[in-house]
Structures are given as C-alpha cells and as structure tokens.
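# Topology and contacts: notes
Each chain, letter by letter, is given below.
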Amino acid sequence: MSRAQAESVIKNIIREIAQECACKGQAVSETLVAFMVKAVVLDPANEFNVDRTLTKDDVQKLIRLCVDRLMDARSPALDTVKMQVYFDMNYTTRADFLDEHRRVLESRLLPVIREITDSRARTREELESLYRKIVSAVLLRSGLGSPTDIAVVREATAALQSVFPQTELGTFMTLTKREKERQLTELTMIVTGIRLFNKECGKGGEGIDDLPAILNEAVPATTQSVDEEIQSTLQSTYKYTALIEDMLKKPSKEGLSIQLLKEALINTRQHETFLRIILSDVISCAHQVEQLENQLGTRMEQLQATVQSKTAVPTAQVYPQFIHLAQLWSSFQDEMVLLSVLSNILASLEPFTRNHKEQLSDEIINLYLEGVEVLTDEERIERTSSERINPKDYRAENRDWLFSDTTKNFSRLLLQYRGYCAYTLGKCDRLLVPGNPEIGVLRFREHYYAFSSKEAAYKFAENPQEYIALVAEAAKKSPELIQLLELHTQFSTITPYSQSRDAGKMIEKPITKCDSGSQTDTHILESNIVKTYAWNEWELRRKAIKLANLRTKVTHAMQTNGSNMRRDNETQVYLPKEQDTQTKQDNYSNVSKPQTFLHGLRGGGTGLPTNMLKVDLTVDVSEPKIVREFMVPGKK
C-alpha cells in the first residue's frame, strides 16, 4: 500500500469514528480521534501489528475500540487526552498570538479601507460621505470608542480636522492606493495620540477606557486565580501519589482502584504543567504592563513640556510623539486581549479535571489516607537534599554524573521525562515522582535523567536501557504520557506545544571541562586604512580633470502639471570631447601674392597725352626668392 493510500484509509477511519461518536451524542474533533487511533494501535493489549497492513476485521476492531474509549465519560485518561488536544489547538506563544490578533483585526477592517481607497468622490456630498468613512475607519482601527456613539464621533472628527481638514480630500484622491493606506494608518495613530493626550489633560477622552488601571487590577487577580488553581491541583496530586506509594507497599485497600489513581495522577500533573505555563505568561504580561506604564508617563510629560499651553506647535515636534503614544496604547490593548485569552484557557481547562474529582472526592480519599504520610514535592526534595551520588561508584561507558557545582548551565539541562524520577516511572508503572537534580544527573547517550533518591539513581545506572523500555511500555498503556513526558522522539504523535514553542531555540549543552589559553595580539594598534588613497598619479589626474569638467556642465530639469506630487528626475551629461589627429611631418603650400604696377598716371608732360600702362609684377612660384626680391618695385 502506498503512502497516499494509507493516508486515505486513515482519514476514512477517523471520519467514521467521528460520525459514530456524533450519532451517540458525543461531538469529537478529528485531532482527538487521530490521537485516540494512535493510542489504541500502540496499546499492546489490543494486539495490533503496526508492521502489517490492517485487514477489514482489524479496521472494525480499531473503530470499535476507539469509539468505546471516546464514549467513556468517566475516564480520567480520556480527560487528559482531551485537555492536551485542547491546549495544543488553543495555546500559542505570545508573539504568534499577537501576530494572529493583528492579522484578524486587519482582515475585519479590510472592507472599510477598500471602500475608502477605491472611492471616486467628486461632488460635495460624496466628499463629505468619504470624510465620515475616514473618521469611522480611524475609530475602528484605534479601538477608542464606538463609531455609533455621537460624542465619540464628534471628538474624533475634531481631532482629525486639526490634522487632516476636509479641504485636503482633493490631494488625498490623487494618491495611489498604497499611499492612501499608508496615510490612513498614519492619521489613525496621530488622531489616537491627540485623543489620549486630551484625555490626560481632561479635555476629552469620550469612550476611552483606562486600560492601565484595568490591567493593574486584572493581572493580580488572574495571577492569584492561577496560583490558587495550581495549589488545589497540587493538593490532589500529593494525595494521589501518597496513596499509590502506600498501595504498592501494602496492596490491601479494597474499593480503591490503583489504575484510577494513576490516571488521576497523570491528569493532575498535566493540569499543573499547563497552569504553570499560563502563570508564566501572566507574569510576563505583568512585567510588560509595568514597562508600558513607565513609558506612557514619560511620553505624557514630554508632550506637556512640548505643548506648554501654546496656541501653535510645529507638527514635526508633536506628530512623532503622538504616534509613539498611540503605539504604547496599542501595546496596552494587546496585553488586555492576551490576558483575556489566557483567562479563557484557564477556565476551559477546569472541566477536564472534574471526573477524577468526583470519583476521588476529598471525603473518599481522606478515608484511605489514615496513617499515610502525604509529602509535598518540596518536602521530598528537602529530604534528599543531603544525598549525593559518588561518581566513582559507576564509571561505565556512556554514563557520566553531572552536579550543580561542577557543571556549567546545570539549571538549564533538558531533563528527560520533564524531570520526574526515571527509575520510579519504569519500576512503579507510571508513578510520577519529581526528581532532585542535586542528587546528581545521569548523562546516558546524550540524555539527562534525574532521580528522587540516591538508591533510585544507583539502580537505574545499573541497567538504564531496561528502565527506559519500561517507561516506553507504560506510555503505550497510557498514551497521555507521550506528551506529558515529552516522548515524541520515541512515538510519532502530536507534537507537544513545548517543541513548537521553542522551535529554533538552541538548548545549551552542559560544560564539565574547560580549555583555556592565552595568545599575544598580533596587531596591537588599530588599523588606519584610507579608502580614498590612490598610489597612481594618473588616477589622481583623471579625478581632477573630471571635477574640473563638472564645473562647466549645466543641469537641466523640467516639470509639468502631471508631474506634481511625484519624484524629481534629473539628467546630467558630459559635453563631447574635441578630437585631434597628428602625423609625423607638418607641411603646407603657398602661392605668390598678385602684384600690378600702373605706369603713366602722372601724364606725359605739357601737351602730351596721358597713356597708362599696366604691368603685371606677380612673381612665379618656381622662381628663386632672390629673383622675387629683385623684381619688387622700389628696390634697386
């Protein structure tokens, strides 16, 4: 069977299981069904061979077993699986959540923004309608009041007119779509900053909630609620653990199922893990709110100092401050929404713990706790704080012991099984007891294991592979352990949230040895390299000629009506160079200058007629120079 055919068969099985559950009145998601199919196939008690193709009888058996498990309304194990699926599908990191929140907000505003950017208003009524749409878009994006509240609309319109009067709509219409969107975003931030500043001055603020005050009340309340839920869950955890340990030593308690106790213990440990994640996010939210309040107070003081009751302030001074003020308020809104989501997740996790609380209520548990010592996690760690492994006892291959005082990054070690005792998990069949890293952490095949006692560490170190295999078999019986203990490398199932949360984040390896050395610097003085230096004098000459030519050049530019509000274009050219040609020898040719002499102009004397004679004295070119000089008139 090809991969595509196998995927098609699995999808059909999942779809059929979901339909049967729906017919019996239980709506389940496909993700939960897929998880349950994997759990049923992995359970060795069901005798499924994953190496061969499933027959028709195997498929019917698989569907029946999955439906039976999914319809078991009193199973703490099923509640744990549902809790894990819900948390994986609804919880995300802070950055991813904020990105998704902004994306959803922009998608909701997209029709309003498109209606503004695509408008072709021409008449006065159309322009007024467009301006009202811009006011509504500003209010919707800022989240400061409802666009249907007349007082809020009036205040937002006044703030917008001080920045973007209605007479500027003509220029706004000539912009491109992208430029319109950018200007709308900038106008929203400026108007938001103006309204927040007016609220601080007591001159406005209609419809604006005091988010810092609300967060200052909501964050401590949420923190207290999560902490109380953690303490309640831990009390149940301690009781279940004490009862399981007592029943393993003296299996004589009738009427109490150790299987039910183990499933309830896994449920409470998983609930505790999720609650601590939520608590960590709430604490981060509190720190973020504190920083934002300090920044908001500083920005308000700067704005007060800038304005100082002036009638006119340069926009270059106040607009950036208004924009920054709007960004701070947007961060407050993000923290508000994030806190609301965390509170919803907290409330949604509680129904997944009701079954074991009803079946193992305090009245029932207290009857079996008589004479049983109930220890907290802190008390267990405190009792073993004086114990410590002697590394000389075990020097086998692939077995190293790490300690807090000899290992760097010891507190950041990624412990296997979420830090629970590896020996107790395998030996006592799914008993979750926290390990104490101060006893010593065993490094075996690049994995790190913690233990609840010195004896447990020694026994595990004798044959680690045996206990690792036992933990894997326990996870097949209770598939909810796969995610709780982060066994995703051994089982192909739903990726735990922690892996997606820390994707791309490198875990620092522990350092037990250190290589040190010293070396003298080769270049003590700082280098001083002049990038403009040129060793070739002809290069300098070319640069000088180029600069000299630029002084004689003229730059021409032109602007038309259509190029208004667009970028400037300039063109600069070099004049053509003069071209010369040179030969080996210079030569020339010359002709004689024409010369004539008129004789007899003075007359022949008294009574004689005047006869003029014209004589050509032009010297032939071929005659010697001396001859030419001799025949020149006036020379003897």
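### Describing the overall build of the protein
Helix and strand counts for the protein stand at 22 helices and five strands. The buried share of the protein, taken over its 636 residues, is 38%. Long-range contacts, defined here as pairs at least 24 residues apart, represent 71% of the contacts in the protein between residues at least 6 apart. Accessible surface, the protein: about 40,100 Å² in total, of which carbon and sulfur atoms supply 50%.

### A word on the side chain of S119
Along the chain, S119 turns up in the loop between α5 (94-117) and α6 (124-142). With relative accessibility at 16%, the residue S119 sits in the buried group. Discounting residues that sit within four places of it in the chain, S119 has contacts with L130, M173 and K180.

### Looking at the sheet that holds strand β1 (residues 399-402)
One open sheet accounts for three strands, arranged β1-β2-β3; its pairing is antiparallel. A single partner strand is all that each edge strand has here, and the edge strands are β1 and β3 (447-449). Between one strand and the next, the sheet's axes are offset by a mean angle of 30 degrees, whatever the strand orientation. In the sheet, β1 pairs with strand β2 (residues 441-444) via four bridges, with the strands oriented antiparallel.

### Examining the side chain of E155
Residue position: E155 is located in helix α7 (residues 150-163). On the accessibility criterion, E155 (14% relative accessible area) is buried. Beyond its immediate sequence surroundings of up to four residues, E155 is in contact with R195, G204, G205 and E206.

### As for the nonpolar core
Counting residues in hydrophobic clusters, the biggest one holds 68 residues, and the most contacted among them are I134 and I278. With 13 residues, helix α11 (residues 258-307) is the single largest residue contributor to this core. If near-sequence neighbours (up to four positions away) are discounted, I278 is found in contact with F87, V226, L342, I345, L346 and L349. Counting residues in hydrophobic clusters, the runner-up holds 48 residues, among them Y240, L256, I266 and L369.

### Regarding the pattern of salt bridges
This model, assessed by the stated rule, comprises 23 salt bridges. Of the charged contacts, one joins E272 and R269 as a salt bridge, the two residues approaching to 3.1 Å between their closest N and O atoms. Separated by three residues within a single helix, E272 and R269 lie in helix α11, roughly one turn from each other. E272 sits in the buried class, given a relative accessible area of 8%. Between E350 and R354 there is a salt bridge, with its nearest N and O atoms 3.0 Å apart. Note on E350: relative accessible area 25%, which makes it partly exposed. Looking at R354, the relative accessible area reads 42%, which means it is partly exposed. A single salt-bridge network, built from bridges that share partners, covers R269, E272, R276 and D377.

### Regarding the packing of aromatic side chains
Tallying each qualifying case throughout the model produces 13 aromatic pairs. Aromatic pair Y417 and Y449: ring centres 5.9 Å apart, planes at 55 degrees, arrangement tilted. In this pair, Y417 is assigned in the loop between β1 and α16 (422-427) and Y449 in strand β3, connecting sequence segments 32 residues apart. Just as Y417 is buried, Y449 falls in that class too. Taking 5.1 Å as the distance between ring centres and 55 degrees as the angle between the ring planes, the aromatic pair formed by F451 and F460 counts as tilted. Of the two residues examined, F451 and F460, each falls in the buried class. An aromatic cluster is defined as three or more aromatic residues linked by ring pairs; in this entry it consists of W401, Y417, Y423, Y449, F451, F460 and Y467.

### Describing the confidence of the model for the protein
Mean pLDDT over the protein: 80, with 84% of residues reaching 70 or higher. Counting interchain partners and residues more than four positions distant, the pLDDT-below-50 stretch residues 493-509 has 29 contacts. Below pLDDT 50 for its whole length, residues 626-636 participates in nine contacts with residues either more than four positions away or in separate chains.

### Here we look at the environment of N267
Along the chain, the position of N267 falls in helix α11. Using a relative accessible area of 0% as the deciding quantity, one classes N267 as buried. For the pair N267 and F352, spaced 85 residues apart in sequence, the C-alpha separation works out to 8.4 Å. Discounting residues that sit within four places of it in the chain, N267 has contacts with P76, D79, T80, M83, F352, T353 and H356.

### With respect to the environment of R74
With respect to the element layout, R74 can be found in the loop between α3 (56-70) and α4 (76-90). For the pair formed by R74 and Q359, sequence separation is 285 residues and the distance between their alpha carbons is 8.3 Å. The residues touching R74, leaving out its near neighbours within four places in the chain, are N355 and Q359.

### Here's the deal with the packing of helix α2 (residues 30-42) against α4
Packing of α2 against α4 brings their axes to within 10 Å, and their N-to-C directions diverge by 130 degrees. Of the possible angle classes, the one that applies to α2 and α4 is oblique. Of the two possible hands of crossing, α2 and α4 adopt the one that is right-handed. In this structure, α2 uses T31, L32, F35 and M36 to contact α4, whose residues at the interface are L78, V81, K82, Q84, V85 and M89.

### Quick word on the packing of α6 against α7
In contact at an axis separation of 10 Å, α6 and α7 are set at 105 degrees when each is read in the N-to-C sense. With respect to α7, the axis of α6 lies roughly perpendicular. Residues Y131, I134, V135 and L139 of α6 form the contact with α7, whose participating residues are V152, V153, A156, T157, L160 and Q161. Among the residues making up the contact of α6 with α7, the classes are represented as eight nonpolar, two polar and no charged.

### Things to note about helix α21 (residues 537-550)
With 14 residues, α21 ought to run about 20 Å at 1.5 Å a step, and its terminal C-alpha atoms sit 20 Å apart, in line with that. Two or three places before W538, at the start of α21, stands the capping residue N536, its side-chain oxygen 3.0 Å from that residue's backbone nitrogen.

Cut-offs used in this document
Residues numbered from 1 in each chain as written. Predicted model: local features only at pLDDT ≥ 70, side-chain atom pairs only at ≥ 80, totals over all residues. Heavy atoms only, no water. Helix = DSSP H or I, 4+ residues; strand = E, 2+ residues; numbered from the N terminus. Buried < 20%, exposed > 50% of the residue type's maximum accessible area, 1.4 Å probe, protein only. Contact = heavy atoms within 4.5 Å. Areas by Shrake-Rupley, 256 points an atom, 1.4 Å probe, with all protein chains shown as cover. Pairing = 2+ DSSP bridges. Axes fitted to C-alpha atoms, helices over the stretch in contact; angles between N-to-C directions. Core = buried A, V, L, I, M, F, W, Y, C linked by side-chain atoms within 4.5 Å. Salt bridge = Lys/Arg side-chain N within 4 Å of Asp/Glu carboxyl O. Phe/Tyr/Trp six-rings, centres within 6.5 Å; stacked < 30°, edge-to-face > 60°. pLDDT = per-residue confidence, 0-100. Parallel < 35°, antiparallel > 145°, perpendicular 65-115°, else oblique. Left-handed = near helix turned anticlockwise from the far one by under 90°. Nonpolar A, V, L, I, M, F, W, Y, C, P; charged D, E, K, R; others polar. Expected span 1.5 Å × (residues − 1). Polar contact = N/O pair within 3.5 Å; in protein donor to acceptor, adjacent residues only side chain to side chain.

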